Amino acid sequence: MALLPSLRSVITHQLHHRPPPPPPLLSIASFLFHKPKLRRTTCKNLSFSFSSSSKPITLNPLATPKDNTLVFKKDERLVADNGESEEKAGTFSTIAAIVTSIGGPPGAVGIVRLSGPMAVDIVGRVFKPVKKKKKKSSGSGSWRPTSHVVEYGVVLDRHGNVVDEVLAVPMLAPRSYTREDVVELQCHGSEVCLRRVLRACLEAGATFAQPGEFTLRAFLNGRLDLSQAENVEKLISAKSVAAADAALAGIQGGFSSLVTSVRAKCIELLTEIEARLDFDDEMPPLNLNLVMDKIHAMSQDVENALETANYDKLLQSGLQIAIVGRPNVGKSSLLNAWSKSERAIVTEIAGTTRDVIEASVTVCGVPVTLLDTAGIRKTDDIVEKIGVERSEAVALGADVIIMTVSAVDGWTSEDSELLNRIQSNKKSTESSTPMILVINKIDCAPSASNEWNKVGNSFNEHVFTCAVTGQGIQDLETAIMEIVGLHQIPAGGRRWAVNQRQCEQLMRTKEALVRLKSSIEEELPLDFWTIDLRDAALALGQISGEDISEEVLSNIFGKFCIGK
Amino acid sequence: MATHNLNINISGRLTRHFFTPLLFIWAAPTRAGTRTRTRVLPIRCYLRRASNFSRRFSVVPSAASASGSPEWNIDERFDVIVVGGGHAGCEAALASARLGAKTLLLTLNIDKIAWQKDVFIEKSYVQPCNPAVGGPAKSQLVHEVDALGGEIGKVADMCYLQKRVLNTSRGPAVWALRAQTDKREYAMRMKNIVERQWHFIMVRLVKDMSTANLCIREAMVTDILLGKNDNVEGVCTFFGMNFYAPSVVLTTGTFMSGKIWVGRTSMPAGRAGESASHGLTENLQRLGFETDRLKTGTPSRVDLRTVDFSGLEPQHGDEEVSWFSFDPDFHIEREQMCCYLTRTTKRTHQLIKDNLHETPTYGGWVEAKGPRYCPAIEDKIVRFQDKESHQIFLEPEGRNVPELYVQGFSTGLPERLQLPLLRTLPGLENCSMLRPAYAVEYDYLPAHQCYRSLMTKKVEGLFFSGQINGTTGYEEAAAQGIISGINAARHSDGKSLIVLERESSYVGTLIDDLVTKDLREPYRMLTSRSEHRLLLRSDNADSRLTPLGRELGLIDDRRWKVYQDKLARVSEEKRRLKTVRISGGDLAADVTRLSGQPVKDSSTLESLLKKPHIQYEILDKHGFGNGLLSRAEKQCVEIDIKYEGFIVRQQSQLQQMVHQQHRPLPPDLDYYAMTTLSLESREKLSKVRPQTIGQASRVGGVSPADITALLIILEANRRKAQEQMRHQVLASVRADSNQQSEGPLTETISS
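Here, residues in each chain are numbered from 1, in the same order as that chain's written sequence. All chains are assigned letters beginning at A, and all ligands numbers beginning at 1, according to the order in which they are written. Reporting of local features is limited, given that this is a predicted model, to residues whose pLDDT is at least 70; pairs of side-chain atoms are given and counted only at 80 or more, and all residues count toward the totals for whole chains, interfaces and linings. Here the side-chain values reflect all heavy atoms present in the structure, with hydrogen atoms and water set aside.

Geometry of aromatic contacts follows a simple scheme: Phe, Tyr and Trp rings, the Trp one being its six-membered ring, pair when their centres are within 6.5 Å, and the pair is stacked under 30 degrees between planes, edge-to-face over 60, tilted otherwise. A full pass over the atoms with the stated rule returns eight aromatic pairs over all chains. Both rings, one in phenylalanine 528 of chain A and one in phenylalanine 646 of chain B, keep their centres 5.0 Å apart while their planes meet at 70 degrees; by these two values the pair is edge-to-face. Of this pair, phenylalanine 528 of chain A sits in helix α17 (residues 526-540) while phenylalanine 646 of chain B sits in helix α22 (residues 644-661), placing the two residues on different chains. The cut-offs for exposure are 20% and 50% of the maximum accessible area for each residue type, with area from a 1.4 Å probe on protein chains only; residues under the lower value are buried, those over the upper are exposed, and the others partly exposed. Taking the relative accessible area as the measure of exposure, phenylalanine 646 of chain B reaches 11% and is therefore buried. Every member of this aromatic cluster is reached through a ring pair, and the members are Phe528 of chain A together with Tyr643 and Phe646 of chain B. Geometrically, a charge over a ring is one whose NZ (Lys) or CZ (Arg) sits within 6 Å of the ring centre while staying within 35 degrees of the ring normal. Positioned above the aromatic ring of phenylalanine 214 of chain A is the side chain of arginine 113 of chain A, whose terminal nitrogen or guanidinium carbon lies 5.1 Å from the ring centre. Stacked on the ring of phenylalanine 289 of chain B, the Lys or Arg lysine 458 of chain B has its end atom at 5.7 Å from the ring centre. For the purposes of this entry, the term helix denotes a DSSP run of H or I that reaches at least four residues, the term strand denotes a run of E that reaches at least two, and both are numbered from the N terminus.

Now the structure itself:
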């Protein structure tokens, strides 16, 4: 310990203006660690005011006269008015992602993790702790968690609906994986729950994390040790591969083309407006109504995309598939085979199923509820009659109707009658529920498929199955995905992530367009519109990160006759 | 040796400025320790009182650099040499001189300082665009240079022929003041300022004493003198003179290897015998500087007296004149002249179509494309066939000159066709042409060879600025000029150089673009180039930059007080508007009528101002305004209130981004060794050598993934360095303690 006094002298020597800190090694480390920060503050003040450079220049090997002083002055007029709150915005944005594995069989618990300076704020917006009775209600609503203390509560979506009940685990900076504020939401393990919770977080202002971004931040914030850097690099190079992959996959995807086209529209509008700002006296006046129409059309596109983005809707409710048909065509067997369970009782007796039976399966990550119904027929049995009524009601409310017939019996008049009843019901409620014809018991009667083409017109698809062997179930799933527009998403997690990202882009675009509309309503001048248009274009272009200014300029010069 | 010079330099500088015995006590006795000592008191004092002192005491002859060795008294030694007397050169020389550096301005022809014009009559400053100052984005540059303490705004305010604010129907961020100036008067005024003459002002006389240490000399620079450490030591002229200085600013404009084209005929853009300036290009290339070629053009000039204006649409100036300068002493209204608008006719188009083969571009003998924002008339006609007519602006060039600038009518047609072409324009049927239209080709130095301080990466102390960096326009030149002047002076003084961040100003955006992006054409500032337009307005250029100008020493006490008073009045007024409430009455009725929105009882004036179409004038009209405020101040108040939400949002977005983007990059990174970067970005980053992460991300071809990879490498390097240092410190501590315990104490001290 004879080291200590001299060590202290080293420290005081270097830190001049500070009182000598308590000695041990740690403080050297922290001094070294904080050095970049010190330098940055030096840079902010001009070196004229030597307040910050009371450490001798010779001691800092980097502060040669060549060193540049960076100047970013604030607007004094603004600072004078509201000289506050700039510390809040840290180095990074706040990211969120599902960090437990998805795509496989659901675990009991899944975790959504948020990291970044706004993590607590964002969770505060979606998470409502279930309060104990006696606890004083901290009125203001802002969530002020104690670090590393688990809280129980629910996650609400934008409309205040309960999404899931969760445990929130706040880990405040720097005592967390990333050394930022981290909040983990432990949800139920099903993919649906996790995605909905994630979505709520994204809506509340988080950004979707890039693959490996938590680890990256942990590293950049000095959390992981050096040997782990390599792994992070690998992760990131994997990321660019994934990005290229995603871009490639995107070429065909419906979302992707929409993103591209909306972005192109944004750029086009920007071109129109910006050209007038820089070349005011050379341009014909802008047709404002036309611009507004375009903006409305564009936001409609985005809205529609977001609304009809099938998976989006499916994530909220899942798919409901009703299996209907005459008695004893094998509806319950189909359900059992599909859900790989003995959920429904199967007998040779027609009319075994009296009530609606539910079973859950996952198709390409989408939760599907199968509804087995009582065979629809005219009956005097009072119980069966109620069952039939229920079947019809269920068929009406389902997202997809599977009508099952028996290959052994062929298309019967009862089938026709049943079809008519369903169709007239559909007509009266003006629904257009897609229908799939399943020809079951194919193993018992290998009949020619031509026979079924004539009735096929009423159906979107027809599929041959054998419920006993499970043959054709795969085809059935594909058919369903195609009908609801999810066929382009193959099973497995990654492609999902791509779409999730695009969905986030669309959401940001939507927000920008909403702001834009309000600017228009408030009759703000034209150049204010560009701010949000630019935001929208940026949100849509994030994957490739291109330079909007240059693109707009090229367009201006390409499109308009300007310049003197 | 280096430190020795530095010390003398500082004390010399200080004595010139302070002329106070106190300083001698501090500066004189401790030669070796001056640096640290002077720091303690005098610089602080310099900071606060610099301009004050310099105004009072710089009358002391500049030879008062008492404490130097004899060689420092020779005239040819300076702190800063500025080569070229155009807009960039003048701003650079003035800024440097005002910061206390002994500055030499070398120009080809003293009579033509800041001459705005033409190679044909004048070779010292090629500027083939019209004598207008300002316009979208460019006006912001002028305001910003003025806010920093530059001249261009003041001179333009003094010499305007006509002023208009463009984009008035848009938001405040794109309002743009444009002035047609008198080209002769402009040059004269600037020359007077540079030559430390009195400039006469109606209100009062201001003697700009700060230019006392600015010398001017006619000379043609042909080479750069290099020191041992790749540092600049001075310049060498055609006639064999050497001038020495630790900082040299090159602002030679389009003069380097300039070549003029009229039709198929070309000539070097210099008088016969002046081809020597070709030498400069070659000598720079010999030093390893990369040069490239740009092209630009200028329309013909016609004799104003031969134009029939009666049928033309006049364009008058604004009735209420706005100003570039924030200094009210320079706000002197003058009589305005009128510009006129004419249009191309069918005959114009026909004549051009018939002779397309005679134009350089379509005849195919010049490949270089001109700037996209300045297309030749034939380009417009070919590319936009469906347009039957194009606007042509007729702009006077001075009160006492007959030249009329035919804006929008530059052409590459041969001279013999130019007059017939002009005569197809209504009003110009009988005109006589004073000067033909022509195109200029010239060398420039792609600015990725400069840091954002505008100092070159290759040669320490050498600065490039103005058209030499590939820009066009006076405003861009002046903006670079003032920054390079400031930094040249600071460099000669051993101080750190300043860099205006992109987010701080259009000046910063300009320089960041120049050193980061590839140029395809002469760079012109446009509002669409700034991502933060709303925050970089004309009205707040002073509150963004004047404090910096003050810190640097370019804003004197009077000007500083003017600024602070303005700031105080604006914020006081905003406070007043927040507190004064009205219920009903004429004002409320008027507001309801104009905005279409109801006015609640006991609304604050602030809330009224936030409604659409409600301007401060409404308050004035009903007696609720503040008569003490100038029009500009009222505008500030109105903008701050009306667009508060937007401004705050942008500000916070900016703040978020800035933290990330301003992370510095070490200058000696080996990008080629970074295998995780894409090949393209390795190449581009090695070439540009960005100074911050933000700048790196703006280099073309560098993807976000590359930036992430770069961050990782930086962090890894930092850790390694940290590890090493810890070892070293531990080792030295161990050695220290060993020595202490073993060896005698005296030995340690003597070593």
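Further notes follow.
Residue and element names in this part refer to chain B. The span you would expect from a helix comes to 1.5 Å times its residue count less one. Taking 1.5 Å per residue as the helical rise, helix α21 (residues 631-642) with its 12 residues ought to reach 16 Å, and the 16 Å between its terminal C-alpha atoms agrees with that figure. Within α21, nine of the 12 residues are buried, leaving the element largely enclosed by the surrounding structure. Residues Glu633, Lys634, Cys636, Val637, Glu638, Ile639, Asp640, Ile641 and Lys642 constitute the buried set of α21.

In this section: the confidence of the model for chain B. All names here are of chain B. The pLDDT value tells you how sure the predictor is about a given residue, anywhere from 0 up to 100. On average, chain B scores 80 in pLDDT, and the residues at 70 or more come to 81%. Looking at the elements of chain B, mean pLDDT is at its lowest for helix α2 (residues 21-27), recorded as 34, and at its highest for strand β21 (residues 462-464), recorded as 96. Here a residue-residue contact requires only that any non-hydrogen atoms of the pair lie within 4.5 Å. Note on residues 1-70: pLDDT under 50 across the span, and 96 contacts to partners over four residues away in sequence or across chains. A low-confidence stretch, residues 743-751 (pLDDT under 50), is modelled with two contacts involving residues beyond four sequence positions or located in other chains. The complex prediction reports pTM at 0.73, with the ipTM value standing at 0.74.

Opposite charge on two side chains allows them to pair when their charged atoms are near. Residue and element names in this part refer to chain A. When a carboxyl oxygen of Asp or Glu is within 4 Å of a side-chain nitrogen of Lys or Arg, the pair counts as a salt bridge. Applying the stated criterion across every chain yields a total of 60 salt bridges over all chains. Note that arginine 515 is salt-bridged to aspartate 535, the shortest N-O span being 3.1 Å. Note that arginine 515 is positioned in helix α16 (residues 493-521) and aspartate 535 in helix α17, a separation of 20 residues in sequence. Judged by its relative accessible area of 26%, arginine 515 is partly exposed.

Let us look at the state of the cysteines. Two cysteine sulfurs form a disulfide in these notes if their separation is within 2.5 Å. Tallied over the entire structure, the rule returns zero disulfides over all chains. With no disulfide of its own, cysteine 338 of chain B lies 6.7 Å from the sulfur of cysteine 339 of chain B, the closest cysteine sulfur.

Residues and elements named next belong to chain A. Ordered in space as β10-β11-β9-β12-β13-β14, the six strands form an open sheet in which the pairing is mixed. Each edge of the sheet is formed by a strand with only one pairing partner; in this case those strands are β10 (357-363) and β14 (461-464). Between one strand axis and the next, the sheet turns through 25 degrees on average, direction left out of account. Where helix α13 (residues 413-428) meets the sheet, it contacts β9 (319-325), β12 (400-406) and β13 (435-440), and its direction lies at approximately 170 degrees from that of β12. By this definition, two strands are paired if DSSP reports at least two bridges between them. Helix axes use the C-alpha atoms of the stretch in contact, all axes being lines fitted to C-alpha atoms, and the angles between their N-to-C directions lie in the range 0 to 180 degrees.

Turning our attention to the nonpolar core. Grouped burial of nonpolar side chains is what soluble globular proteins tend to show. Grouping buried Ala, Val, Leu, Ile, Met, Phe, Trp, Tyr and Cys residues that are joined through side-chain atoms within 4.5 Å yields what is termed a nonpolar core. In terms of nonpolar packing, the biggest core is built from 91 residues, with Ile81, Val235, Leu250, Leu284, Leu462 and Phe464 of chain B touching the most fellow members. Leaving out residues up to four positions away in the same chain, leucine 250 of chain B has contacts with Val83, Ile224, Leu284, Leu462, Phe463, Phe464, Ser465 and Ile468 of chain B. Counting residues in hydrophobic clusters, the runner-up holds 51 residues, among them Leu277 and Val302 of chain A together with Ala173 and Phe646 of chain B.

Going from alanine 173 of chain A to proline 174 of chain A, the amide bond is cis rather than trans, its omega being -5 degrees. As for its position among the elements, proline 174 of chain A is in the loop between β6 (162-171) and β7 (182-188). Notably, alanine 137 of chain B is not glycine yet its phi reads approximately 65 degrees, a positive angle. Although it is not a glycine, asparagine 167 of chain B adopts a positive phi angle of roughly 65 degrees. Mapping asparagine 167 of chain B onto the fold places it in the loop between β4 (160-166) and β5 (176-181). Accessibility expressed as a relative area gives 2% for asparagine 167 of chain B, which makes it buried.

Residue and element names in this part refer to chain B. Across the two faces of strand β10 (residues 247-250) the burial is the same, with Ser247 and Val249 and Val248 and Leu250 all buried. Direction of pairing for β10 relative to β21: parallel, over a ladder of three bridges. Across the sheet, leucine 250 pairs through a bridge with phenylalanine 464, a residue of β21.

Let us look at the environment of aspartate 620 of chain B. Residues and elements named next belong to chain B. Considering the arrangement of structural elements, one finds aspartate 620 in helix α20 (residues 616-621). In this structure the C-alpha to C-alpha distance between aspartate 620 and leucine 587, which are 33 residues apart in sequence, comes to 9.9 Å. Other than its neighbours up to four places away in sequence, aspartate 620 contacts Gly625, Asn626 and Lys634.

On to helix α16 (residues 541-552) of chain B, then. All names here are of chain B. Taking 1.5 Å per residue as the helical rise, α16 with its 12 residues ought to reach 16 Å, and the 16 Å between its terminal C-alpha atoms agrees with that figure. Of all 12 residues that make up α16, 12 are buried, and the element is covered over most of its length. Ala541, Asp542, Ser543, Arg544, Leu545, Thr546, Pro547, Leu548, Gly549, Arg550, Glu551 and Leu552 are the residues of α16 that are buried. Of the residues flanking the end of α16, it is glycine 553, one or two places downstream, whose phi is positive at about 110 degrees.

Residues and elements named next belong to chain B. Within the secondary structure, aspartate 230 sits in the loop between β7 (221-226) and β8 (232-237). For aspartate 230, a relative accessible area of 46% corresponds to the partly exposed category. Along the backbone, aspartate 230 and leucine 287 are 57 residues apart, and their C-alpha atoms lie at a distance of 9.7 Å. Sequence-distant contacts of aspartate 230, that is, excluding residues within four places in its chain, are made with Lys458, Val459 and Glu460.

Residue and element names in this part refer to chain A. Its location among the elements puts serine 115 in strand β3 (residues 109-115). For serine 115, a relative accessible area of 0% puts it in the buried group. Reaching out from serine 115, the side chain makes a polar contact with the side chain of threonine 178 at a distance of 2.8 Å. The residues contacting serine 115, other than those within four sequence positions of it, are Ser93, Thr94, Ile95, Thr178, Glu180, Asp181, Val182, Phe214 and Arg217. We call two N or O atoms a polar contact when they sit within 3.5 Å, provided that within protein one can donate a hydrogen and the other can accept it, with sequence-adjacent residues counted only if both atoms are side-chain atoms.

Attention now moves to the pairing of β7 of chain A. Residue and element names in this part refer to chain A. Counting buried positions along β7 gives five out of seven residues, so the element sits mostly inside the fold. Sheet topology places β3 next to β7; seven bridges connect them, and they run antiparallel. Its bridge partner lying in β7, valine 112 is registered against leucine 185. Sheet topology note: the β6/β7 ladder contains five bridges and is antiparallel. Counterpart to alanine 168 in the pairing with β7 is leucine 185.

This brings us to the sheet that holds β5 of chain B. All names here are of chain B. Taken in spatial order, the three strands line up as β3-β5-β4 in an open sheet, and their pairing is antiparallel. Either end of the sheet is taken by a strand with one partner, and the two such strands are β3 (132-134) and β4. When strand polarity is set aside, the average angle formed by the axes of neighbouring strands in this sheet is 20 degrees. Direction of pairing for β4 relative to β5: antiparallel, over a ladder of six bridges. Counted as the bridge partner of lysine 163 is alanine 179 from β5.

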